Amino acid sequence: MRCAVLGDPIAHSLSPVLHRAAYDALGLDGWTYDAVRVPSGGLAGFLAAIPGSGDGDGREGTWRGLSLTMPLKREVLDLVAARSARVDLAHAANTVILGGEGGATLDNTDLPGAAAAIRERYDGPVGSAVVLGAGATASSVGLALCDLGAREVRLLARSPERAADTVEAIRAHASRPEVSVGGLDEAAAGADVLVSTVPAAAQAPDLVGRWLGEAPVVFEVLYDPWPTPLADAAHAAGRVLVSGLDLLVHQAALQVEAFTGWPGPLPVMRLAGAAALAARTSAG
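Here the structure is a predicted model, which is why all the values come from computation and not from measurement.

About the thresholds
Residues numbered from 1 in each chain as written. Predicted model: local features only at pLDDT ≥ 70, side-chain atom pairs only at ≥ 80, totals over all residues. Heavy atoms only, no water. Phe/Tyr/Trp six-rings, centres within 6.5 Å; stacked < 30°, edge-to-face > 60°. Buried < 20%, exposed > 50% of the residue type's maximum accessible area, 1.4 Å probe, protein only. 1 Å grid on protein atoms, 1.4 Å probe; cavity = no way out; pocket = protein on both sides within 12 Å on 5 of 7 lines; lining within 4 Å. Points joined across faces, edges and corners; volume = space filled by probe spheres on them. Helix = DSSP H or I, 4+ residues; strand = E, 2+ residues; numbered from the N terminus. Nonpolar A, V, L, I, M, F, W, Y, C, P; charged D, E, K, R; others polar. Pairing = 2+ DSSP bridges. Axes fitted to C-alpha atoms, helices over the stretch in contact; angles between N-to-C directions. Contact = heavy atoms within 4.5 Å. Salt bridge = Lys/Arg side-chain N within 4 Å of Asp/Glu carboxyl O. Core = buried A, V, L, I, M, F, W, Y, C linked by side-chain atoms within 4.5 Å.

> Sorry if this is basic, but what is going on with the packing of aromatic side chains here?
Aromatic ring pairs: the centre-centre distance and the angle between the two ring planes describe each pair. Overall, the coordinates contain 3 aromatic pairs when judged by the stated rule. Aromatic side chains Tyr-23 and Trp-31 sit 5.4 Å apart centroid to centroid with 55° between the ring planes, which places their arrangement in the tilted category. Classification of Tyr-23 by relative accessible area gives buried; the value is 1%. Here a set of aromatic residues connected by ring pairs shows up, and it is made of Tyr-23, Trp-31 and Tyr-33.

Okay, here's the thing in structure tokens:
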């Protein structure tokens, strides 16, 4: 059985480490999981090359599942019709389940994975949130925060005019939250949770100080490079820090269950991911 994570860039992805550790722990001999570079515009060709949408031949193995990262989480929506309600809500999918009777099916494990990652570290109230960035991951995490009780979500984006899809997605949550948009250089004031989906290279010291404010919880969705400037500042200020590895492990465990039918072994996957990150840090 073949699985893979697709995206561009993809060499940094820890998903192969997590999924392979899970398959080994579950005794799933013969299951493979690779990282494949698929740039924007290339997903349709990749899916078309999968025989029978998952019915591979004996030499190549049978395709069972795909994990999607940037820039494919919204590109896939025009390519696969069958999807979960979470995909329609978030306007984004990070999971393609292959080989079923109906062909490919989309899901979004970022949304429940983000909620689980936050609650693992923090059990306090979530009434308001500020999200840095306005892409597909911002959409999923914003909705997860609404699931946890957020009624006000402010997006700070480099190009606020391009945030319309994410604003629409979060506003469609059943709680009908108040959603607003500002520039990435604004202060993130009054948030119970601050979420960052922006690259580490964009986290200039003056911006980090402006963003951090008094938020008791900081959710940095990146895991490589780690720590990011924002994560460093949050740790130094004694804030609750939810990491990109937390999110990755929780959403990947849900993907493992979707692909294999067995719950993802969260502790095993977390240990494997942490060891791989530590090795990268030592090598650097």
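Back to the write-up after that little detour.
> Looking at this model, I keep getting lost on the layout of surface pockets. Mind explaining?
By volume, the largest pocket is sized at about 1,300 Å³. Around the largest pocket, the lining comprises 42 residues; the ones closest to its centre are Thr-69, Met-70, Thr-137, Thr-197 and Leu-222. Within the residue set of the lining of the largest pocket, elements represented by two or more residues are strand S3 (63–68), helix H5 (136–147), strand S7 (152–157) and helix H9 (244–260). With 5 residues, the top contributor of residues to the lining of the largest pocket is H9. Its residues assigned to classes, the lining of the largest pocket comprises 22 nonpolar, 14 polar and 6 charged.

> When you look at the sheet that holds S7 in this model, what are you seeing that I'm missing?
As a general point, the strands of a sheet are linked pairwise by backbone hydrogen bonds and lie either parallel or antiparallel. With parallel pairing, 6 strands are arranged side by side in an open sheet as S8-S7-S6-S9-S10-S11. Edge positions in the sheet fall to strand S8 (178–183) and strand S11 (240–242), since each of these pairs with one other strand and no more. Averaged over all pairs of adjacent strands, the angle between their axes in this sheet comes to 20°, without regard to strand direction. Pairing of S7 with S8, which is carried by 6 bridges, proceeds in the parallel orientation. Residue pairing for S8: Arg-154 is matched across the bridge by Ser-180. Against the sheet, helix H8 (residues 229–236) contacts strand S6 (128–132), strand S9 (193–196), strand S10 (217–220) and S11, and its axis sits at roughly 155° relative to S10.

> Honestly, the pattern of salt bridges in this entry has me stumped. Any pointers?
If the charged atoms of two oppositely charged side chains come close together, the side chains can form a pair. Enumeration according to the criterion identifies 12 salt bridges in this entry. One salt bridge connects Asp-165 with Arg-74, and the closest N-O pair in it is separated by 3.2 Å. Of this pair, Asp-165 sits in helix H6 (residues 164–171) while Arg-74 sits in the loop between S3 and helix H3 (85–90), and the two are 91 residues apart along the sequence. Note on Asp-165: relative accessible area 30%, which makes it partly exposed. By relative accessible area, which is 23% here, Arg-74 ends up partly exposed. Linked by salt bridges that have partners in common, Glu-120, Arg-121, Asp-246 and Arg-270 make up one network.

> Looking at this model, I keep getting lost on the nonpolar core. Mind explaining?
Inside soluble globular proteins, nonpolar side chains tend to come together where they are buried. With 35 residues, the main nonpolar core has Leu-145, Val-195 and Phe-219 as its most contacted residues. The biggest single contributor to this core is H5, with 7 residues. Excluding residues within four positions of it along the chain, Leu-145 makes contact with Ile-118, Val-126, Ala-129, Val-131, Ala-150, Val-193 and Val-195. If you look at the next biggest cluster of nonpolar residues, it comprises 22 residues, including Cys-3, Leu-14, Trp-31 and Leu-248.

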